[in-house]
Structures are given as C-alpha cells and as structure tokens.
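Summary of structural features
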Amino acid sequence: MSRLLFAKQGRAKYISHLDLMHTFQRAFQRAGLDIAHTEGFNPHPFISLLLPLPLGFSSECEILDFRLLKPEELPQVPERLNAALPEGIRALECYEGGRKAKELAFVDYHIEMEWPGGQPLSAPLGELLGRDRLEVVKKSAKAKTGERIVEIISLVKSFNLTDAEGWTVLDTVLAAQNPGLNPQLITAALAREYPDETPSLVRYHRRAALGPEGEPFR
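Cut-off values and rules
- Residues numbered from 1 in each chain as written.
- Predicted model: local features only at pLDDT ≥ 70, side-chain atom pairs only at ≥ 80, totals over all residues.
- Heavy atoms only, no water.
- Salt bridge = Lys/Arg side-chain N within 4 Å of Asp/Glu carboxyl O.
- Buried < 20%, exposed > 50% of the residue type's maximum accessible area, 1.4 Å probe, protein only.
- Disulfide = S-S within 2.5 Å.
- 1 Å grid on protein atoms, 1.4 Å probe; cavity = no way out; pocket = protein on both sides within 12 Å on 5 of 7 lines; lining within 4 Å.
- Points joined across faces, edges and corners; volume = space filled by probe spheres on them.
- Helix = DSSP H or I, 4+ residues; strand = E, 2+ residues; numbered from the N terminus.
- Nonpolar A, V, L, I, M, F, W, Y, C, P; charged D, E, K, R; others polar.
- Core = buried A, V, L, I, M, F, W, Y, C linked by side-chain atoms within 4.5 Å.
- Contact = heavy atoms within 4.5 Å.
- Polar contact = N/O pair within 3.5 Å; in protein donor to acceptor, adjacent residues only side chain to side chain.
- Phe/Tyr/Trp six-rings, centres within 6.5 Å; stacked < 30°, edge-to-face > 60°.
- Lys NZ or Arg CZ within 6 Å of the ring centre and 35° of its normal.

Before going further, it helps to examine the pattern of salt bridges. Under the definition given, this model contains 13 salt bridges. Between Arg-80 and Glu-73 there is a salt bridge; the shortest N-O distance is 3.9 Å. For Arg-131, the salt bridge goes to Glu-127, with nearest N and O atoms at 3.0 Å. Overall, the relative accessible area of 32% leaves Glu-127 in the partly exposed class.

As used in these notes, a disulfide is a covalent bond between sulfur atoms, one from each of two cysteines. For the structure shown, the criterion picks out zero disulfides. No disulfide involves Cys-61; its sulfur sits 16 Å from the nearest other cysteine sulfur, which is in Cys-94. The class for Cys-94 is buried, based on a relative accessible area of 18%.

Once that is clear, we can look at empty space enclosed by the protein. Take a probe with the size of a water molecule and roll it over the atoms, and the empty space left behind shows itself. The final tally for this structure, using the stated rule, is one cavity of 30 Å³ or more. Size it by volume and the largest cavity reaches roughly 60 Å³. In terms of lining residues, the largest cavity is bounded by Leu-50, Leu-51, Cys-61, Glu-62, Ile-63, Leu-104, Val-107, Arg-206 and Ala-209. At the level of secondary structure, the elements contributing two or more residues to the lining of the largest cavity comprise strand E3 (58–66) and strand E10 (202–210). When grouped by side-chain class, the residues that make up the lining of the largest cavity number seven nonpolar, no polar and two charged.

On to the nonpolar core. One finds Leu-104, Met-113, Leu-125, Ile-152, Leu-170, Leu-181 and Ile-186 to be the most contacted residues of the largest nonpolar core, which totals 37 residues. In contact with Leu-104, not counting residues within four places along its chain, are Leu-50, Leu-51, Ala-176, Gln-177, Ala-209, Leu-210 and Phe-217. Leu-4, Leu-33, Leu-68 and Leu-74 belong to the second largest nonpolar core, which has 24 residues in total.

Bringing the side chain of Ser-59 into the picture now. Structurally, Ser-59 can be placed in strand E3. By relative accessible area, Ser-59 is classed as buried at 0%. A distance of 3.0 Å separates the side chain of Ser-59 from the backbone nitrogen of Cys-61, its partner in a polar contact. For Ser-59, the contacting residues outside a window of four places in its chain are Ala-7, Lys-8, Gln-9, Leu-53, His-205 and Arg-206.

The subject of this paragraph is the layout of surface pockets. By volume, the largest pocket amounts to about 370 Å³. Forming the boundary of the largest pocket are 19 residues, of which Pro-54, Lys-138, Gly-180, Leu-181 and Asn-182 lie nearest the centre. At the level of elements, strand E5 (106–114) and helix H4 (184–193) are the ones that each hand at least two residues to the lining of the largest pocket. Of the residues forming the lining of the largest pocket, the biggest block, three residues, is contributed by H4. Class assignment of the residues belonging to the lining of the largest pocket gives a composition of eleven nonpolar, five polar and three charged.

Quick look at unusual backbone geometry now. In the segment running from Asn-178 into Pro-179, the intervening peptide bond is cis, with an omega of -5°. You can see Pro-179 is positioned in the loop between strand E9 (167–175) and H4. Even without glycine at this site, Glu-165 takes up a positive phi of about 50°. Mapped onto the secondary structure, Glu-165 falls in the loop between strand E8 (156–164) and E9. Despite not being glycine, Asn-178 shows a phi value in the positive range, around 55°.

Turning our attention to the packing of aromatic side chains. For the coordinates displayed, the defined rule picks out four aromatic pairs. Pairing Phe-6 with Phe-24 gives two aromatic rings, centres 4.8 Å apart and planes at 65°, and the pair type is edge-to-face. In this pair, Phe-6 is assigned in strand E1 (residues 2–8) and Phe-24 in helix H1 (residues 17–30), connecting sequence segments 18 residues apart. The burial state of Phe-6 is the same as that of Phe-24; both residues are buried. Measuring from centroid to centroid gives 6.3 Å for Phe-57 and Tyr-109, while their planes differ by 85°, and the two rings are edge-to-face. One end of the pair, Phe-57, is in the loop between strand E2 (47–49) and E3; the other, Tyr-109, is in strand E5, with 52 residues separating them in the sequence. Here Phe-57 and Tyr-109 have matching classes, each one buried. Grouped by ring-pair contacts, the aromatic residues Phe-57, Tyr-109 and Tyr-204 constitute a single cluster. Lying across the ring of Phe-46, Arg-67 places its NZ or CZ 4.4 Å from the centre. Sitting over the face of the ring of Trp-167, Arg-203 holds its NZ or CZ atom 4.2 Å from the ring centroid.

What follows is the structure, encoded as structure tokens:
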C-alpha cells in the first residue's frame, strides 16, 4: 500500500468526504495512474482516507492510502495528480508504506474565532478547557437515542490561546480516533456555557497528524 499526503484548502474545503473520494478516483484516471481493485462481483478501488475531514475544514496534512498496479510510478504521483486535481487540493508527498492507521493518535488544529461584540474569547475558552471535566452531547448512529454524552477534556492533549485584532486563536492538539474529538464540540460547549460569547465566525484548520508521542505521523 502507498500513502499520499495532501492539502485541502480554499473552496475545496466544501467538498464532502464522498465527493473527495470520487475526485481522487477521477484524478488518478486522468493522470494515467492505474489503481488496483478488489476482486469479486463488485470490485472497488484500493483507495481510502485515514481520517475524514469535516466539511468546511481546511487542512495541510490529509492522508490517503492507495495501491498502484505499477508501483514503479510512485515517484511521479504528486506531479501527475496535481495536474488533474481541482483547485484547492494539492498532493504534497507520496511514499511507500507508512505506519498503521491505528497509530494515528492526535491531530494538531489551528482554530480562529471571531469575537462576538468585540470581546476576546480567550478567558471563557481558557476556563472551559481548564476544567477537570466537560461533557457535551454528540450525535451517534450507534446510540438508541441518536445521541451520546462525550467527556472532552480527557481528549485535549494541549492547547494555547491568543487574542489579536478581533480574533481569538486556539492552537490545540486533540485525540484523533477511538475516540476522537471534533473541535466543533469545543465551540458547541462554549455556546452552551457562554451563550453571549458565541463566536461570530469560526475557521478550522488541520496542521499536522501525530503519533502517540506527538511525533509526525507518516
């Protein structure tokens, strides 16, 4: 199996997970790169995204696994894909193998929140994230009620807050999976606990995928 590191930015951040998969399948075809398929009555391409990116998030560290019929073409993949990919999606690096997906432990996020009413958000956010425990309600297809309660403080590895020119910036490292923490749950908790200080606009950006010790995941 081969691995592709790519960025998803600009207007491309509004491409859904399913459409992104189709986009890459078409890009491989247009680039003349043949993807291996499964066998059987309903063959599908060996291509998968390790950690789906929520709609509206930008990223510089997305990871896609795939399998080429001609592995010797691997060094050519980024250049050939970039000629076929839409604006905002860019292949950065391609290599053979890589760590097991279950070893992807954390994600480094850069989150910008516009101040409501001209008031910085670092104080209420710092109070929330400094608590010993904070529960939020999360949608869940597996739960009978369609929802489940998640304790999020234990899923925050680290955070730093800064205020500047109408924006509060939250740089934070969050658990990636099993369970993972979507940073939208942090802003949802802020809106619940401090309804008068809900940010006017929030921009979410993934900066790095990390291993168990906080090292770059590749």
